[in-house]
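Coordinate analysis (summary)
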4 protein chains.
Amino acid sequence: MATFDFQGKSVYFETHGEGRPLVVLNGIMMSAASWSEFVEPFSANNQLILLDLLDQGRSDKMVGEVYTQEIQVEVVAALVAELGLEKVSVLGISYGGEVALQLVLKYPELIDRLMLFNTTAATGPWLGDIGDGWNKALDDAEAYYYTTIPIIYSPAFYKGNREWMENRKELLCSTVFNNPDFMGSMERLTNSAAGYDVSNRLSEISAPTLVVSAQQDYLTPIEEQQKIVAGIPSSHYAIIPGSGHASMYEQPVLFCALALGFLNNTKTEFHIV
Amino acid sequence: MATFDFQGKSVYFETHGEGRPLVVLNGIMMSAASWSEFVEPFSANNQLILLDLLDQGRSDKMVGEVYTQEIQVEVVAALVAELGLEKVSVLGISYGGEVALQLVLKYPELIDRLMLFNTTAATGPWLGDIGDGWNKALDDAEAYYYTTIPIIYSPAFYKGNREWMENRKELLCSTVFNNPDFMGSMERLTNSAAGYDVSNRLSEISAPTLVVSAQQDYLTPIEEQQKIVAGIPSSHYAIIPGSGHASMYEQPVLFCALALGFLNNTKTEFHIV
Amino acid sequence: MATFDFQGKSVYFETHGEGRPLVVLNGIMMSAASWSEFVEPFSANNQLILLDLLDQGRSDKMVGEVYTQEIQVEVVAALVAELGLEKVSVLGISYGGEVALQLVLKYPELIDRLMLFNTTAATGPWLGDIGDGWNKALDDAEAYYYTTIPIIYSPAFYKGNREWMENRKELLCSTVFNNPDFMGSMERLTNSAAGYDVSNRLSEISAPTLVVSAQQDYLTPIEEQQKIVAGIPSSHYAIIPGSGHASMYEQPVLFCALALGFLNNTKTEFHIV
Amino acid sequence: MATFDFQGKSVYFETHGEGRPLVVLNGIMMSAASWSEFVEPFSANNQLILLDLLDQGRSDKMVGEVYTQEIQVEVVAALVAELGLEKVSVLGISYGGEVALQLVLKYPELIDRLMLFNTTAATGPWLGDIGDGWNKALDDAEAYYYTTIPIIYSPAFYKGNREWMENRKELLCSTVFNNPDFMGSMERLTNSAAGYDVSNRLSEISAPTLVVSAQQDYLTPIEEQQKIVAGIPSSHYAIIPGSGHASMYEQPVLFCALALGFLNNTKTEFHIV
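Residues numbered from 1 in each chain as written. Chains lettered and ligands numbered in written order. Predicted model: local features only at pLDDT ≥ 70, side-chain atom pairs only at ≥ 80, totals over all residues. Heavy atoms only, no water.

**Side note on the overall build of chain A**
Looking only at helices and strands, chain A has 11 helices and eight strands in total. Relative to the 2.2 N^0.38 estimate, which gives 19 Å for 273 residues, the radius of gyration of chain A is 18 Å and therefore close to what a compact globule would have. With respect to the principal axes defined by its C-alpha atoms, chain A has extents near 55 × 45 × 35 Å. Residue pairs at least 24 apart in sequence account for 76% of intrachain contacts in chain A once pairs closer than 6 positions are excluded. Only carbon and sulfur atoms are counted for the fraction: they give 49% of the accessible area of chain A, which is about 9500 Å². (Helix = DSSP H or I, 4+ residues; strand = E, 2+ residues; numbered from the N terminus. Rg over C-alpha atoms; globule rule 2.2 N^0.38 Å. Contact = heavy atoms within 4.5 Å. Areas by Shrake-Rupley, 256 points an atom, 1.4 Å probe, with all protein chains shown as cover.)

Take a look at the structure:
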């Protein structure tokens, strides 16, 4: 648990364990703290590096500033330098996957293996409208809950985890979505993804890449990952059925299996094919 | 174009053409007027019966009243009686499909063939939260647009029909979603579906039934129609790829083909199987 | 029930009913007789034209001759001329869909609407090997049954129609697959599809086209129809879940609905989109 | 590389590396030797145990004997005892997955984690007919190739690996499928799966289980794995797109990632859900 200075901003990060280093990039509403249940398996054989991007968790807020995801790319690159690492593998989920794609395009030499869960290659007009809808609900915690959460979790998860969902709703509405600081960050983070589009540059990526779709992802639907897979020649593709956008929470065992299995596989070239 | 009295309320309806009669039940935001492009093909060989359910289009508003979809079931049954018809086929989309399912369960003797597009058998907790999100956005036309429309149209449709979508946004925000009367109706209609659940009664249905899913339907996802198909022994099931929830607008040719082909097919028993 | 002369060969055909004319092109093992259960619905509002392609049913056998599907294209064009029709719609299933695609490419002026069920745009190396496997089993009726039938019908159909399948096996093995004339035709028909590939010409097609996949089609899998849909700008696409390659037998009601609904739809241009 | 005695039969096995032990159970045509490319990654952190089931590879042939897969279950249990292991994880692919399911049902105390790739819970009438087709082609190497291989590999793999496929065809037809000993084993192995059905016992399984489907698997289609997942409460489910039945060969990187990630994950209970 530490911080480093990035252009006058304090950036929070944690490292856990030893081994092939893995930087995990959070989804938009998440922070390093969201991964508490995953620290054990992810640090068992690896150096797990968690961080809060700008406007996330314990990193500085960007009040009054307008930025794009490019600044988050620089934050990650600076952290890699700060840690004195030559190369890291990167796992990004959703917003974090978008940052990961821009990172590998700008600093390919820094990236060992790439893992993209529930990620899109562009904020198209549809996703843009969804973001605008989120921004319209910033002033009302319940409105924000109802506008965002059903797009993030699948109907089956909702139905199968009533108590957990109700508790989470209580928690989110009473301590998170009613916090003007958090909501200001959410607005800026949402806006920072507005012009994002790497669709035409995917073929430049040569890092071994794992792309994972959740079959009931209604925020970054399966067709988006199919485009990424079609674009990156070195990609490998898996689908998690029975999961919505929040695949790490809905199917944590599979999430771990895919991420750690791909990260630590000692062989990426097979003579079979 | 006419009206009839239902428990003191005026209900608007239209009939077009002659032949096997078909009652079309609208989705929640729709009205008889939404089907203007479909009148020609649907009335070419059939008696097409369009109506506005209570709180829709030119039918009376239910200001100050609380009701469930059951009242809409009675509206439809009353219209069938009004028209002096013994049996009608029914096509429902979304909200209209929910009314159709309750109609065939309550008045099986009235129903010839049943067609369900983008329909669910229950308003579960997930769909309930989406409805609550819609209700939270009632006071702001743009908020309502951004909260509802991306859940109704697919990303591909958004991308492929930019001008149409922009024009529609302009129209909806300037003349519909900013109309307090319309929004009051939307709130009541949304609430009228809140407790809906016919999951356990599907096996009672014996009418020849067509169930249609749209592959990118993120409001009544494909799993919901799979449950309906599993429940109704006399059901036939098709999937429209490349379409979101608004299948009639996104894939109108297929919508017509499936609906009219199923409605007018002269043979429903084959000795092959 | 009649025949006409095609280059010295007798070609069998039937016409039923009146209305917009539809030519149906058989799958490889089929003949005009295979459609007996469909004559009623298909001729209710249309002129249904059934025929046996060369080496099928009651048309002449091509003993000792080597040919490609191009000759079947000429057979169909000759029949259209024989009937004095200016334009016909064409429905092809499997082998018949391949002939239909080549027909519309060679004689676009003859084709009104096009319907392709369980069709591929090319006989690639995989499908070629399957055909070679069929040809290896020609001398043993049971071998031919076991090699072809499980690729044509879905596991669910097998399981749900045991008696029908057993009776059909008995019939096929005792009177069809043990008939050297029939098996000689099967070999030539299979070989006639060997070099087929219209993949690069699909974009030339402008006829309104319906493409239908069966979700459990293991002979012309869903990916093949996706290529056709991507290639033909004027195509409309539907998927039949719960059906193998023989969609007309496994889901006859949906088969009729899609085919007749698309054929007789009076409107193919919608101002919605 | 060693053998042990099982009821007077010699059973071949290999162990590689150290760590949590994993027994790999081969598909029907495979043997321990088929895994040569996987030994390195699978033994990097685990004790990999490969074996030839009876009638496979270097284990004894069962000439003149009739048996079911139950004997293979006993072979595996005996090997676990031979190695002095208390518990092992088991990965089975296809035939091997069927043996794995029967093993965990008979000897649940022996099984740590279970991984099922391309597996079915029963040899239904459809799969039975496919097996009969294979048996009909035993006497002709090319016939056997054309009857089995296109059902095992996907069309895309065929197309994308022409040279490898052609070389493999040459090899299989000249040295394997023309070997009467091998073909006798294939016949007995195929027959040993004939009555297999654990459909109604899946709920008894409590071992953490990974189930993996290949999206273009036309021998044990995706619906079969969906039944297994529905039956085993402790199951986790992933789909590999772009792969046929031979997922280990078509997508070896994903195969390793899923298998090793699931096997070595240090956490199977998450408090999230």
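**Some details on the relation of the copies chain A and chain D**
Mapping chain A onto chain D calls for a screw motion: a turn of 180° about the axis and a shift of 0.0 Å along it, with 0.0 Å RMSD after fitting. Taken together, the rotation and translation relating the two chain copies correspond to the operation of a two-fold axis. In terms of C-alpha distance to the rotation axis, chain A has Gly261 of chain A as its closest residue, with the C-alpha 1.8 Å off the axis. Interface residue correspondence from chain A to chain D reaches 100%, placing this contact among same-surface, isologous pairings. (Least-squares fit on C-alpha atoms with pLDDT ≥ 70 in both.)

**Here's the deal with the interface of chain A and chain D**
Between chain A and chain D, the residue contacts involve 36 residues of the former and 36 residues of the latter. At the boundary of chain A with chain D, total buried surface from both sides reaches about 3300 Å², with 68% on carbon and sulfur atoms. Between Lys267 of chain A and Glu37 of chain D there is a salt bridge; the shortest N-O distance is 2.9 Å. Our enumeration of links across chain A and chain D arrives at three residue pairs in polar contact (both at pLDDT 80 or more). (Buried area = accessible area lost by both parts, 1.4 Å probe. Salt bridge = Lys/Arg side-chain N within 4 Å of Asp/Glu carboxyl O. Polar contact = N/O pair within 3.5 Å; in protein donor to acceptor, adjacent residues only side chain to side chain.)

**Observations regarding the interface of chain B and chain A**
Contacts between the two partners involve 26 residues from chain B, matched on the other side by 26 residues from chain A. Carbon and sulfur atoms make up 66% of the area that chain B and chain A hide from each other, which totals about 2300 Å². Counting across the interface, chain B meets chain A through four salt bridges. In this structure, Lys136 of chain B engages Asp140 of chain A in a salt bridge whose closest nitrogen and oxygen atoms are separated by 3.4 Å.

**Quick word on the pattern of salt bridges**
Evaluated as defined, the whole model comprises 44 salt bridges over all chains. With a closest N to O distance of 2.9 Å, Glu204 of chain C and Arg201 of chain C form a salt bridge. Judged by its relative accessible area of 37%, Arg201 of chain C is partly exposed. Between Lys106 of chain D and Glu74 of chain D there is a salt bridge; the shortest N-O distance is 2.6 Å. With a gap of 32 residues between them, Lys106 of chain D in helix α3 (residues 95–106) and Glu74 of chain D in helix α2 (residues 70–82) connect regions that are remote in the sequence. What makes Lys106 of chain D partly exposed here is its relative accessible area of 48%. Overlapping salt bridges, with partners in common, bring together Lys136 of chain A together with Asp140 and Glu142 of chain B in one network. (Buried < 20%, exposed > 50% of the residue type's maximum accessible area, 1.4 Å probe, protein only.)

**What about the side chain of Ser94 of chain D?**
Residue and element names in this part refer to chain D. Note on placement: Ser94 falls in the loop between β5 (88–93) and α3. With a relative accessible area of 11%, Ser94 lands in the buried category. Discounting residues that sit within four places of it in the chain, Ser94 has contacts with Gly27, Phe117, Asn118, Thr119 and His245.

**A short note on the layout of surface pockets**
All names here are of chain D. The space that makes up the second largest pocket amounts to roughly 940 Å³. Contributing to the lining of the second largest pocket are 45 residues, with Gly27, Ile28, Met29, Met30 and Ile152 lying nearest its centre. Breaking the lining of the second largest pocket down by element, the ones donating at least two residues are α3, α4 (125–136), α5 (141–152), α7 (162–176), α8 (180–192) and α10 (247–250). Counting residues per element, the lining of the second largest pocket draws most heavily on α4, which supplies seven residues. (1 Å grid on protein atoms, 1.4 Å probe; cavity = no way out; pocket = protein on both sides within 12 Å on 5 of 7 lines; lining within 4 Å. Points joined across faces, edges and corners; volume = space filled by probe spheres on them.)

**Digging into unusual backbone geometry**
It is generally the case that most residues other than glycine have a negative phi and that most peptide bonds are trans. All names here are of chain C. Although it is not a glycine, Asp55 sits at a positive phi angle of roughly 75°. Locating Asp55 in the fold gives a position in the loop between β4 (46–51) and α2 (69–82). At Ser94, a residue that is not glycine, the phi angle is positive and equals roughly 55°.

**Concerning the confidence of the model for chain A**
Within chain A, residue pLDDT values average 97, and 99% of them lie at 70 or more. Confidence estimates for the predicted assembly give a pTM of 0.97 and an ipTM of 0.96. (pLDDT = per-residue confidence, 0-100.)

**Brief notes about the packing of aromatic side chains**
A complete count under the given rule lists 70 aromatic pairs over all chains for this structure. Measuring from centroid to centroid gives 5.8 Å for Tyr145 of chain A and Tyr146 of chain A, while their planes differ by 80°, and the two rings are edge-to-face. Under the relative-accessibility criterion, Tyr145 of chain A is labelled buried at 2%. Judged by its relative accessible area of 9%, Tyr146 of chain A falls in the buried class. Ring geometry for Phe42 of chain B and Phe255 of chain B: centres 6.2 Å apart, planes at 40°, overall tilted. On the criterion of sequence distance, the pair formed by Phe42 of chain B in helix α1 (residues 39–43) and Phe255 of chain B in helix α11 (residues 252–264) is long-range, its members being 213 residues apart. Assigned by exposure class, Phe42 of chain B and Phe255 of chain B land together as buried. Connected via pairs of aromatic rings, a cluster forms that spans Trp35, Phe38, Phe42, Phe117 and Phe255 of chain A together with Phe270 of chain D. In this arrangement the basic side chain of Lys267 of chain C is found over the ring face of Phe270 of chain C, its NZ or CZ atom lying 5.1 Å from the centre. (Phe/Tyr/Trp six-rings, centres within 6.5 Å; stacked < 30°, edge-to-face > 60°. Lys NZ or Arg CZ within 6 Å of the ring centre and 35° of its normal.)

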